[in-house]
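As a plain string of letters, each chain reads:
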Amino acid sequence: MIQTIFLQAESGGMMSILMLGGMFAIMYFFMIRPQQKKAKEEKTFQAEIKRGSQVVTTSGIHGKINEIYDDAVIIETGAGKIKFEKAAISRELTLARYSKNVTKEVEKTED
């Protein structure tokens, strides 16, 4: 009787370990990996910011980058110039909103 209890516990234990491993793999591929990928893309975006780009900060302020420093940028808004950390820049609006003007300017510079 004791032998059967140990045999049942072993097979159930192995199945539990497989289920736990499967759940961890699912969590990794659906939650952890996409967050790491997004963080990496955001870091490269912040490192490649250029002067004159239209950007939006995490607080929702829209403006044009006027000056760039090591860890900060000065953004020109309708109200004036404001200094922000590079980490506070959320996304770029130049291509999304002004793609027609940007493509025309690129064509002019290529000619």
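Refer to the structure presented above.
For the structure given in this document, a descriptive report is provided here. In this text, all values refer to a predicted model and were calculated from it rather than measured experimentally. (Residues numbered from 1 in each chain as written. Predicted model: local features only at pLDDT ≥ 70, side-chain atom pairs only at ≥ 80, totals over all residues. Heavy atoms only, no water.)

What follows deals with the overall build of the protein chain. Per the secondary structure count, the protein chain includes three helices and five strands. Traced from its N-terminal end to its C-terminal end, the protein chain shows the element sequence α-β-β-β-β-β-α-α. Burial status across the protein chain gives 19% buried among its 111 residues. When contacts within the protein chain are restricted to residue pairs at least 6 apart in sequence, long-range pairs at least 24 apart make up 35% of them. As displayed, the protein chain offers around 9200 Å² of accessible surface, 59% of which is attributable to carbon and sulfur atoms. (Helix = DSSP H or I, 4+ residues; strand = E, 2+ residues; numbered from the N terminus. Buried < 20%, exposed > 50% of the residue type's maximum accessible area, 1.4 Å probe, protein only. Contact = heavy atoms within 4.5 Å. Areas by Shrake-Rupley, 256 points an atom, 1.4 Å probe, with all protein chains shown as cover.)

Moving on to the sheet that holds strand β5 (residues 89-92). Spatial strand order, β4-β3-β2-β1-β5: five strands in an open sheet with antiparallel pairing. Edge strands, defined here as strands with exactly one partner in the open sheet, are β4 (80-85) and β5. Going across the sheet, the axis of each strand differs from the next one's by a mean of 45°, ignoring polarity. (Pairing = 2+ DSSP bridges. Axes fitted to C-alpha atoms, helices over the stretch in contact; angles between N-to-C directions.)

What follows is about the side chain of Thr77. Its location among the elements puts Thr77 in strand β3 (residues 72-77). In this structure Thr77 comes out as buried when scored by relative accessible area, which is 16%. Excluding residues within four positions of it along the chain, Thr77 makes contact with Ile61, His62, Gly63 and Ile82.

A separate point is a nonpolar patch on the surface. Residues Phe24, Ile26, Met27, Tyr28, Phe29, Phe30 and Met31 make up a contiguous nonpolar surface patch of about 790 Å² in total accessible area. Here Met27 is to be found in helix α1 (residues 2-47). (Patch = residues over 30% accessible without salt bridge, like charges linked within 9 Å, V, L, I, M, F, W, Y side chains within 5 Å. Salt bridge = Lys/Arg side-chain N within 4 Å of Asp/Glu carboxyl O.)

The next point concerns the side chain of Ser53. Relative to the helices and strands, Ser53 resides in the loop between α1 and β1 (54-57). A distance of 3.1 Å separates a polar side-chain atom of Ser53 from the backbone oxygen of Lys50. Separated by 3.2 Å, the side chains of Ser53 and Glu92 make a polar contact. (Polar contact = N/O pair within 3.5 Å; in protein donor to acceptor, adjacent residues only side chain to side chain.)

Next up on the list: the pairing of β3. Buried residues dominate β3, accounting for five of its six residues. Pairing analysis gives four bridges linking strand β2 (residues 62-68) to β3, with the strands arranged antiparallel. When the bridges of β3 are listed, Ile68 appears paired with Val73. Counting the residues in the hairpin turn of β2 and β3 gives three residues. Two successive antiparallel strands, β3 and β4, enclose a turn made up of two residues.

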